[in-house]
Amino acid sequence: MASSSPAYRATDPDEVEALHRLILTSLDDDQAVDTISIPLAGKSSIADYMVIASGRSTRQVASMAQKLAEKIKAELGRQTRIEGLPTADWVLLDAGDVIVHLFRPEVRSFYNLERMWAFGDAPTPPAVPVLSDD
């Protein structure tokens, strides 16, 4: 179970960008599918970025999460909180400035976090026709 202590947040923007690049590079190296990064700075106080990616199986999702946490600790000296690793359908990694969601494709499709966190950047739904009282 993850600790309840808050994750470390950097005050240096270069440190945040280094973490973000490390995460994206690690996921690319591990052949994550459909990786997207959503900037949250100025929109939410939970993190500066949210990264969402898929793995082809629970084994790949778990492996990507474990490797990512190890790389963050080894290269940046940060502890990463992890939730969902035992089932690995949806694994959440909280690295403080970057939140990472790793999914199996079916689970990612069901929750559709990209749309939820789009902040108006998602396509707008079609307008509902207005009926007149004539």
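Everything here concerns the structure above.
Just so you know, these numbers come straight off a predicted model, no measurement behind them.

(A) Spotlight on helix H1 (residues 13–29). With 17 residues, H1 extends 24 Å between its outermost C-alpha atoms, agreeing within 8% with the 24 Å of an ideal straight helix rising 1.5 Å per residue. Among the residues of H1, those classed as buried are Val16, Leu19, His20, Leu22, Ile23, Ser26 and Leu27. Within H1, the buried residues cover an arc of 160° as seen down the axis, which keeps them to one side. The outward face of H1, more than 90 degrees from its buried face, is lined by the exposed residues Pro13, Asp14 and Asp28. In the core, the buried residues of H1 are packed alongside strand E1 (33–39), strand E2 (49–54), helix H2 (58–76) and strand E5 (98–103). Of the residues flanking the end of H1, it is glutamine 31, one or two places downstream, whose phi is positive at about 60°.

(B) Seen up close, H2. The first and last C-alpha atoms of H2 sit 27 Å apart over 19 residues, in line with the 27 Å expected at 1.5 Å per residue. Listing the buried residues of H2 in full gives Gln60, Val61, Ala62, Met64, Ala65, Leu68, Ala69 and Ile72. Positive backbone phi, approximately 70°, marks glycine 77, located one or two places after H2.

(C) Expanded view of the nonpolar core. Ile23, Leu27, Leu93, Val100 and Leu102 are the most contacted members of the largest nonpolar core, which has 23 residues in total. Elements represented by at least two residues in this core include exactly H1, E2, H2, strand E4 (90–94) and E5. Top contributing element to this core by residue count: H2, with seven residues. Formed by nine residues, the second largest nonpolar core is a distinct cluster that contains Ile38, Met50, Ile99 and Phe103.

(D) Molecular detail of the pairing of E5. Counting buried positions over the six residues of E5 gives six, a clear majority of the element. Residues Val98, Val100 and Leu102 point to one face of E5 and Ile99, His101 and Phe103 to the other, with burial holding for every one of them. Pairing between E2 and E5: six bridges, direction parallel. Paired with tyrosine 49 across the strands is valine 98, a residue of E5. The sheet contact formed by E4 and E5 spans five bridges and is antiparallel. Bridge pairing in E5 links leucine 92 to histidine 101. Two successive antiparallel strands, E4 and E5, enclose a turn made up of three residues, where glycine 96 displays a positive phi of approximately 85°.

(E) Geometry of the sheet that holds E2. Overall, mixed pairing links the five strands, which are arranged E1-E2-E5-E4-E3 in an open sheet. Strand pairing shows two members of the sheet lacking a second neighbour, E1 and strand E3 (81–83), which therefore form its edges. With direction set aside, neighbouring strand axes in the sheet form an average angle of 15°. Pairing of E1 with E2 involves five bridges; the strand directions are antiparallel. In the strand pairing of E2, isoleucine 38 is matched with methionine 50. Those strands touched by H1 are E1, E2 and E5, and its axis lies near 5° from that of E2.

Parameters and conventions
- Residues numbered from 1 in each chain as written.
- Predicted model: local features only at pLDDT ≥ 70, side-chain atom pairs only at ≥ 80, totals over all residues.
- Heavy atoms only, no water.
- Helix = DSSP H or I, 4+ residues; strand = E, 2+ residues; numbered from the N terminus.
- Expected span 1.5 Å × (residues − 1).
- Buried < 20%, exposed > 50% of the residue type's maximum accessible area, 1.4 Å probe, protein only.
- Arc of directions from axis to C-beta.
- Contact = heavy atoms within 4.5 Å.
- Core = buried A, V, L, I, M, F, W, Y, C linked by side-chain atoms within 4.5 Å.
- Pairing = 2+ DSSP bridges.
- Axes fitted to C-alpha atoms, helices over the stretch in contact; angles between N-to-C directions.

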